[in-house]
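# Per-entry structural report
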Amino acid sequence: MYKKSAIILVFVVFLLGCATAGQQLTPKQQATIYMQTYNAVYDDTMRTMQNPAATPAQKQIALQKRALLTEIWPVLKIYVATVEGGAIPSAELEATLTALINQLATFATGGK
């Protein structure tokens, strides 16, 4: 399960790199990538938590990811609402969200 999440995340990052080589992402594109990353990790985390065959170590990692997802969600909602409202998110908001998403991506690929 973790391998599948890691592969999906690496694929999204690869596509992002190919699509944006030498280009700056628009806030809407960035919001889409943030949401895709969040949703991929969320889905994997919920599958692990509901899997009766998951080991205690897998469930512990899932609980840690769930805590990080819970921390990210309000910041992500603000970012998406700002973008949907036609405004450009502040540099501080973007930096905060990027740092949290990077933590999530690192966690999803097996890092800590």
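The structure we're discussing is the one just above.
Everything in this summary refers to the structure shown in the same document. It should be emphasised that the depicted structure is a prediction, and the values quoted were computed from it without experimental measurement.

On to the overall build of the protein chain, then. Helix and strand content of the protein chain: four helices and zero strands. Residues classed as buried in the protein chain amount to 32% of the 112 residues present. Within the protein chain, counting contacts between residues at least 6 apart in sequence, those at least 24 apart form 68% of the total. With an accessible surface of roughly 6,900 Å², the protein chain has 62% of that area assigned to carbon and sulfur atoms.

Taking 1.5 Å per residue as the helical rise, helix α3 (residues 56-84) with its 29 residues ought to reach 42 Å, and the 40 Å between its terminal C-alpha atoms agrees with that figure. A bend of about 30° at Trp73 is the largest found in α3, and the proline Pro74 appears one to four places after it. Those residues of α3 that sit buried are Ala62, Lys65, Leu68, Leu69, Ile72, Val75, Leu76, Tyr79, Val80 and Val83. Residue Gly86 follows α3 closely and has a positive phi angle near 90°.

Our next topic: the nonpolar core. Judged by nonpolar contacts, the single largest core of 18 residues is most densely connected at Tyr34, Leu68, Ile72, Leu76, Tyr79, Leu97 and Leu104. Looking at this core, the elements that each hand over two or more residues are α2 (27-50), α3 and α4 (91-108). Every residue in contact with Leu104, bar those within four places of it in the chain, is listed here: Tyr38, Val41, Leu68, Leu69 and Ile72.

Tracing the backbone shows Thr45 in helix α2. Only 2.7 Å separates the side chain of Thr45 from the backbone oxygen of Val41, close enough to count as a polar contact.

As for its placement among the helices and strands, Pro89 is situated in the loop between α3 and α4. Separated by ten residues in sequence, Pro89 and Tyr79 have C-alpha atoms that sit 6.3 Å apart.

If you walk through the whole model with that rule in mind, you get one salt bridge. Between Asp44 and Lys65 there is a salt bridge; the shortest N-O distance is 3.0 Å. Here Lys65 lies in helix α3 and Asp44 lies in helix α2, a separation of 21 residues in the sequence. You can call Asp44 buried: its relative accessible area is 0%.

Going through the model one piece at a time under the given rule, you end up with three aromatic pairs. Between Tyr34 and Tyr79, the aromatic rings sit 5.3 Å apart at their centres with planes inclined by 75°, giving edge-to-face as the arrangement. Of this pair, Tyr34 sits in helix α2 while Tyr79 sits in helix α3, and the two are 45 residues apart along the sequence. The same class applies to Tyr34 as to Tyr79, namely buried.

Between its first and last C-alpha, α2 extends 34 Å over 24 residues, near the 34 Å set by a 1.5 Å rise per residue. Residues of α2 that are buried: Gln30, Ala31, Ile33, Tyr34, Thr37, Tyr38, Val41, Asp44, Thr45, Met46 and Thr48.

Calculation notes
- Residues numbered from 1 in each chain as written.
- Predicted model: local features only at pLDDT ≥ 70, side-chain atom pairs only at ≥ 80, totals over all residues.
- Heavy atoms only, no water.
- Helix = DSSP H or I, 4+ residues; strand = E, 2+ residues; numbered from the N terminus.
- Buried < 20%, exposed > 50% of the residue type's maximum accessible area, 1.4 Å probe, protein only.
- Contact = heavy atoms within 4.5 Å.
- Areas by Shrake-Rupley, 256 points an atom, 1.4 Å probe, with all protein chains shown as cover.
- Expected span 1.5 Å × (residues − 1).
- Bend = angle between axes of the 7 residues up to and from the residue.
- Core = buried A, V, L, I, M, F, W, Y, C linked by side-chain atoms within 4.5 Å.
- Polar contact = N/O pair within 3.5 Å; in protein donor to acceptor, adjacent residues only side chain to side chain.
- Salt bridge = Lys/Arg side-chain N within 4 Å of Asp/Glu carboxyl O.
- Phe/Tyr/Trp six-rings, centres within 6.5 Å; stacked < 30°, edge-to-face > 60°.

These results come straight from atomic positions and should not be treated as a statement about function.
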